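Fold and contact review
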Amino acid sequence: MSENDVRLFAADPAWWKAPFAATLLGLPLLAWEYGVYGADGYAGALEALLYGGLVLLVVAWALPHRRSARMLRTTAACAGVVCAVLPLLLLMLMAMAMAAG
């Protein structure tokens, strides 16, 4: 066993940085988009994307606080932010298409 193998299972002192940054960016967007899209009770693709983004943010916080889970935690946090930004991007693209037509 090498020295790096032992370090992977050690506690990560900065485990909270990726989920915290993703939550600051994604949670207000998810809350706003749920208020706009999710209030009608229609279980469409946008609502599934909103719930998926929220689940990914929760997973980023719930993963173990080890160095070996750092990349998985960062990936879950970034995917949660992407799920929060996609409906807003779709809304902007639809507005640009309607304004150009």
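Cut-offs used in this document
- Every chain begins its residue count from 1, and numbering advances along the sequence as written.
- In view of the model being predicted, local features appear only for residues whose pLDDT reaches at least 70, and side-chain atom pairs are presented and counted only at 80 or more, with totals across whole chains, interfaces and linings using the full set of residues.
- Hydrogens and waters are ignored; side-chain quantities use all the structure's heavy atoms.
- Only DSSP runs of H or I reaching four residues or more are called helices, and only runs of E reaching two or more are called strands; each is numbered from the N terminus.
- Under the scheme applied here, a residue whose accessible area is under 20% of the maximum for its type counts as buried, over 50% as exposed, and between as partly exposed, the area being computed with a 1.4 Å probe on protein chains only.
- Working rule for contacts: check all heavy atoms of both residues, and any pair within 4.5 Å makes them a contact.
- For every accessible area listed, the method is Shrake-Rupley and the probe measures 1.4 Å; residues are considered covered only by the protein chains on display.
- Multiplying 1.5 Å by the helix residue count minus one yields the expected span of that helix.
- The arc in question is formed by the directions pointing from the helix axis toward the C-beta atoms.
- Between 30 and 60 degrees the pair is tilted, below 30 it is stacked and above 60 it is edge-to-face, where a pair is any two Phe, Tyr or Trp rings, Trp via its six-membered ring, whose centres lie within 6.5 Å.
- Every residue gets a pLDDT, meaning the predictor's confidence in that residue, from 0 to 100.
- Patch building starts from residues that exceed 30% relative accessible area and form no salt bridge, then joins like charges within 9 Å and nonpolar side chains (Val, Leu, Ile, Met, Phe, Trp, Tyr) within 5 Å.
- Here, a salt bridge means any Lys or Arg side-chain nitrogen found within 4 Å of an Asp or Glu carboxyl oxygen.

What follows is about the overall build of the chain. Counting its regular elements, the chain contains 4 helices and 0 strands. Traced from its N-terminal end to its C-terminal end, the chain shows the element sequence α-α-α-α. In the chain, buried positions account for 24% of the 101 residues. Taking all contacts inside the chain whose residues are at least 6 apart in sequence as the whole, residues at least 24 apart take part in 74%. Summed over its atoms, the accessible surface of the chain is roughly 6700 Å², and 75% of this surface lies on carbon and sulfur atoms.

Looking now at helix α3 (residues 45-62). Since there are 3.6 residues in each turn of an α-helix, residues three or four apart along the chain are aligned in direction. With 18 residues, α3 extends 25 Å from end C-alpha to end C-alpha; this agrees with the ideal 26 Å at 1.5 Å per step. Of the residues making up α3, those classed as buried are Glu-47, Leu-50, Gly-53, Leu-57 and Ala-60. The arc that holds every buried residue of α3, seen down its axis, measures 150°, which confines them to one face. Exposed positions of α3 whose direction lies more than 90 degrees from the buried face are Ala-45, Val-58 and Ala-62. In the core, the buried residues of α3 are packed alongside α2 (17-37) and α4 (70-100).

Our next topic: the packing of aromatic side chains. Tallied over the full model, the rule gives 3 aromatic pairs. For the ring pair Trp-15 and Trp-61, a centre distance of 5.8 Å and an interplane angle of 85° mean the geometry is edge-to-face. Taken as a pair, Trp-15 in the loop between α1 (3-8) and α2 and Trp-61 in helix α3 lie far apart in primary sequence, 46 residues in all. Residue class for Trp-15 comes out partly exposed when judged on its relative accessible area of 21%. With a relative accessible area of 34%, Trp-61 lands in the partly exposed category. On the basis of an interplanar angle of 70° and a centroid distance of 6.0 Å, the ring pair of Trp-16 and Phe-20 is categorised as edge-to-face. Residue Trp-16 is classed as partly exposed on the basis of its relative accessible area, which comes to 39%. Judged by relative accessible area, Phe-20 falls into the partly exposed class, the value being 40%.

Caution applies to low-pLDDT regions: their predicted coordinates should not be interpreted in detail. Confidence in the prediction of the chain, expressed as mean pLDDT, is 87, and 87% of residues score 70 or more. Taking the mean pLDDT of every element in the chain, the minimum, 62, falls on α1 and the maximum, 93, on α4.

A cluster of nonpolar side chains, contributed by Val-82, Val-85, Leu-86, Leu-89, Leu-93 and Met-96, occupies part of the molecular surface with about 520 Å² of accessible area. Among the secondary structure elements, Leu-86 is positioned in helix α4. By relative accessible area, which is 37% here, Leu-86 ends up partly exposed.

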